[in-house]
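# Survey of secondary and tertiary structure
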Amino acid sequence: MAAWSNILRSTGEKVLRIGSISTKNAVQTLQKREMGHGPRVFRIEPTRWQWNKCKDMLHFYTALGVIPLSILTFVVYVFVGPAQLAEIPEGYVPKHWEYYKNPITRFIMKHFNESHQEVYERTMHMMYEETRRGEITGLQNRIKELIKQRKDYQEYYYIPYNAERIYEKRELNEFIEEPLHEIDEEDKQKMREGKYGRKTNL
């Protein structure tokens, strides 16, 4: 064993010595070749960092979107497949997404899009509201024109109010000969009891 160790040690030393010599010669040769091309020049060029960064981001987000979507599309087409045309059972009303063949389109229409009937009804409601608003605006303009022509009514003197008080005063005036006045709670109680001629519901 000791003999084999000595042989291997001497062989390894020779191999290392030869390798170091050849490396040294290669370095010397390389230096000589570099020195033969003249002075080394540092060329000043515009930076390409933005362009390289843009390409990296483009590749990253393209792969981020294309690869998962490709896998999803493959799985859906292999394990689900397109819908088959069939007759509608009696008494069954198909959903709006069941009219599409592609499974991905059916999923999008079911969970993210509105039905055609809903869109149609909402559009009709908006058109009705706009039509009514236009009719009311036209009626208001017509009233203003008549007020200007006839000059028999000053619209800015009109104050909207509740007519409940008017009806109460009219009913009270049927039993008393006093001018109309504000009915307080005491008078209302007397009218309920019939002290003014007959009972009233106020």
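Residues numbered from 1 in each chain as written. Predicted model: local features only at pLDDT ≥ 70, side-chain atom pairs only at ≥ 80, totals over all residues. Heavy atoms only, no water.

A few words now on the overall build of the protein. Each helix and strand counted, the protein has 6 helices and 0 strands in total. Across the 202 residues of the protein, 7% fall into the buried class. Carbon and sulfur atoms provide 59% of the accessible area of the protein, an area that totals close to 19,000 Å². (Helix = DSSP H or I, 4+ residues; strand = E, 2+ residues; numbered from the N terminus. Buried < 20%, exposed > 50% of the residue type's maximum accessible area, 1.4 Å probe, protein only. Areas by Shrake-Rupley, 256 points an atom, 1.4 Å probe, with all protein chains shown as cover.)

Relative to the 51 Å expected for 35 residues at 1.5 Å per residue, helix H4 (residues 116–150) spans 51 Å between its end C-alpha atoms, a close match to the ideal helical length. The first or second residue beyond H4 is Lys 151, which carries a positive phi of 55 degrees. (Expected span 1.5 Å × (residues − 1).)

What follows deals with the packing of aromatic side chains. On inspection of all chains with the given rule, the structure shows 2 aromatic pairs. With a centroid separation of 5.0 Å and 75 degrees between ring planes, the pair formed by Phe 60 and Tyr 61 is classed as edge-to-face. Taking the centre distance of 6.0 Å and the plane angle of 65 degrees together, the rings of Phe 107 and Phe 112 count as edge-to-face. Residue Phe 107 is classed as partly exposed on the basis of its relative accessible area of 48%. (Phe/Tyr/Trp six-rings, centres within 6.5 Å; stacked < 30°, edge-to-face > 60°.)

In this section: the layout of surface pockets. Taken as a whole, the largest pocket holds about 280 Å³ of empty space. If you go around the largest pocket, you meet 14 residues; those closest to its centre are Gln 84, Leu 85, Ala 86, Glu 98 and Tyr 99. Looking at side-chain class alone, the lining of the largest pocket contains 9 nonpolar, 1 polar and 4 charged residues. (1 Å grid on protein atoms, 1.4 Å probe; cavity = no way out; pocket = protein on both sides within 12 Å on 5 of 7 lines; lining within 4 Å. Points joined across faces, edges and corners; volume = space filled by probe spheres on them. Nonpolar A, V, L, I, M, F, W, Y, C, P; charged D, E, K, R; others polar.)

It is worth spelling out the confidence of the model for the protein at this point. For the protein, per-residue confidence averages 76 on the pLDDT scale, and 64% of positions sit at 70 or higher. Looking over the protein, one finds the lowest element-wise mean pLDDT in helix H1 (residues 2–35), namely 51, and the highest in helix H2 (residues 49–79), namely 92. In this model, residues 20–32 is a region of pLDDT below 50 whose contacts with residues beyond four sequence positions or in other chains number 0 contacts. (pLDDT = per-residue confidence, 0-100. Contact = heavy atoms within 4.5 Å.)

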